[in-house]
Amino acid sequence: MKVLKFGGTSVGSAQRMKDVAKLITGGDRNIVVLSAMSGTTNSLVEITEYLYKRNPDGASEIINKLAIKYYEHVEELYQTSEYKQRAKELIAYHFDYIRTFTKDLFTLFEERVVLAQGELISTGMMNLYLNEQGIHSVILPALDYMRTDKNAEPDPAYIKEKLHHLLNEYKDAALYITQGYICRNAYGETDNLQRGGSDYTASLIGAAIHAEEVQIWTDIDGMHNNDPRFVENTSPVRHLHFEEAAELAYFGAKILHPTCILPAKLNNIPVRLLNTLQPDARGTLISNTTEKGKIKAVAAKDHITAIKIKSGRMLLATGFLRKVFEIFENYQTPIDMVTTSEVGLSCTIDNRKRLDEIVDDLKKFGTVSVDSDMVIICVVGDMEWENIGFEARIISALKDIPVRMISYGGSNYNVSLLVKAADKKRALQALSNYLFNNESVC
Ligand code: ADP
Ligand code: ASP
Ligand code: MG
């Protein structure tokens, strides 16, 4: 059994839904994970923002606009009046439910319920469409098996048990459809796996059923060697190691949610990135093996803050690093990059919420300076330290760009560099030109 996940763009219109239906039928009895139709979760977020601000009229305007779009999709997607009627009832049910929240107190609890409606609608619509086509598909309700614990981490034992129970209940189904992103938390409330979390749903299901493969279908032919939203002439990478993919996802390659790799890696389940718009393209295979001796790809993580602690004394004495890191831990702020010298230490964070308190506490160790609006550029590949010349090529490519920090040797898979946000595009393009497109540095 495989798990096939289709993102928002892949189910973003009636025609796209029909195209996905073709891809998921006629084969094995797989589990299909769907996101909300593109733009829906953003609209739901907007609705919740109005409701938090006690502006029910603003919320209602967006709810009505979104509902109209869905009724248009219904007209285009279904052929028979029976199924058009059933789909309209489905949509009316979910939008009436969202409208009930415009009248009462609005808290985090209600917010999560509103955000869950997008995936509930898209899976309901797809299931009805497949049934209209004579396919015996069945919905596996994510709220019945996908669960997080008190630390907001998925509970693999619970997920496995409940999922197997559901699969047993619907043994004769031709295909299973389920919602990405949504779950219940440890208190049984509706919750979610964070924005973009449908990829995580797919790999958690893959791990729970020991799937043959997890396929992430999106709008591009696999992981490109640089971010196609900022860089020209990018091309697909055909094979990545789990570790390489995890670094790229964490450091900004939006095609994959960073959490998605771990469950697949731990269970050694290959992940394949494929293109709904070009189903025959090869895409990218992510597995436990890697192509040796190659730089594979570059990604960038935005909104980074660098903090430097500098002292005239012997700073790196025993226990110093622990004391510094404890301050970040006390304020629940994870650190991304670290570089050290005898008299100082630089590190980066992407969550500035407790920055002022952190800086105040760090001041007892020396002078503290902060650089905001920075970007981590992460270069990924087989960076085994005995391979010669990779670091030199990366640094040469960036010869005209000021680099604030460089980190290498933390893993065998990456070199990370910190530059100003204003230099991000230039740095990414320079790396692509020199590392992948055979331009020379003059
Ligand atoms: P989905 O809605 O299917 O989950 P996403 O928008 O989350 O799709 O991810 C796909 C997008 O990721 C692509 O359209 C592309 O713009 C962006 N992207 C960023 N970096 C990369 C990369 N290195 N390779 C491929 N796509 C990337
Ligand atoms: N629909 C959710 C989002 O837009 C989850 C996902 O698409 O993965 O973030
Ligand atoms: Mg995504």
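In case you missed it, the structure is sitting above this.
Residues numbered from 1 in each chain as written. Chains lettered and ligands numbered in written order. Predicted model: local features only at pLDDT ≥ 70, side-chain atom pairs only at ≥ 80, totals over all residues. Heavy atoms only, no water.

### Let's talk about the sheet that holds strand E4 (residues 175-179)
Note the threshold: In this scheme, strands are said to pair when DSSP sees at least two bridges between them. Going along the chain from the N terminus, every DSSP run of H or I of four or more residues is numbered as a helix, and every run of E of two or more is numbered as a strand. Every angle, taken between N-to-C directions, lies between 0 and 180 degrees, and every axis is a line fitted to C-alpha atoms, over only the stretch in contact when it is a helix. Any two residues whose heavy atoms approach within 4.5 Å at even a single point are treated as in contact.
Taken in spatial order, the eight strands make up an open sheet running E3-E4-E2-E1-E7-E9-E10-E8, and their pairing is mixed. Looking at the sheet topology across the chains shown, the edges are occupied by strand E3 (137-140) and strand E8 (239-241). Strand-to-strand twist of the sheet, defined as the mean angle between neighbouring strand axes without regard to direction, takes the value 20°. Where strand E1 (residues 2-6) and strand E2 (residues 31-34) come together, four bridges link them in parallel fashion. Opposite Lys-5, over in E2, you have Val-33 as the bridge partner. Packed onto the sheet, helix H1 (residues 14-24) meets E1, E2, E4 and strand E7 (213-218) and runs at close to 170° relative to E1.

### Brief notes about the site of ligand 1
Convention followed: A cutoff of 4 Å decides nearness: a residue is near a molecule or strand if any of its heavy atoms lies inside that distance of it. Counted as a polar contact is a pair of N or O atoms within 3.5 Å, where, for protein atoms, one must be capable of donating a hydrogen and the other of accepting one, and residues adjacent in sequence contribute only when both atoms are in side chains. What sets the accessible areas is the Shrake-Rupley method with a 1.4 Å probe; for residues, cover comes only from the shown protein chains. Amino acids are sorted into nonpolar (Ala, Val, Leu, Ile, Met, Phe, Trp, Tyr, Cys and Pro), charged (Asp, Glu, Lys and Arg) and polar (every other residue, Gly among them).
The immediate surroundings of ligand 1 are formed by 17 residues, with Lys-5, Thr-218, Asp-219, His-224 and Lys-254 found nearest. Between ligand 1 and Ile-255 there is a distance of 3.4 Å, counted from an oxygen atom to a backbone nitrogen or oxygen. For ligand 1, whose accessible area on its own is 570 Å², the fraction buried by protein is 85%. Looking at the shell around ligand 1 residue by residue, the classes come out as five nonpolar, seven polar and five charged.

### Let's talk about H1
To keep things clear, this is the line we draw: Under the scheme applied here, a residue whose accessible area is under 20% of the maximum for its type counts as buried, over 50% as exposed, and between as partly exposed, the area being computed with a 1.4 Å probe on protein chains only. The directions considered for the arc are those from the helix axis to the C-beta atoms.
For H1, every residue scored as buried is listed here: Ala-14, Met-17, Val-20, Ala-21 and Ile-24. Looking straight down H1, one finds its buried side chains confined to an arc of 115°; they lie on one side. Where H1 ends, the next residue or the one after it, Gly-26, has phi of about 85°, a positive value.

Treat this as a map of the structure, not an account of what it does.
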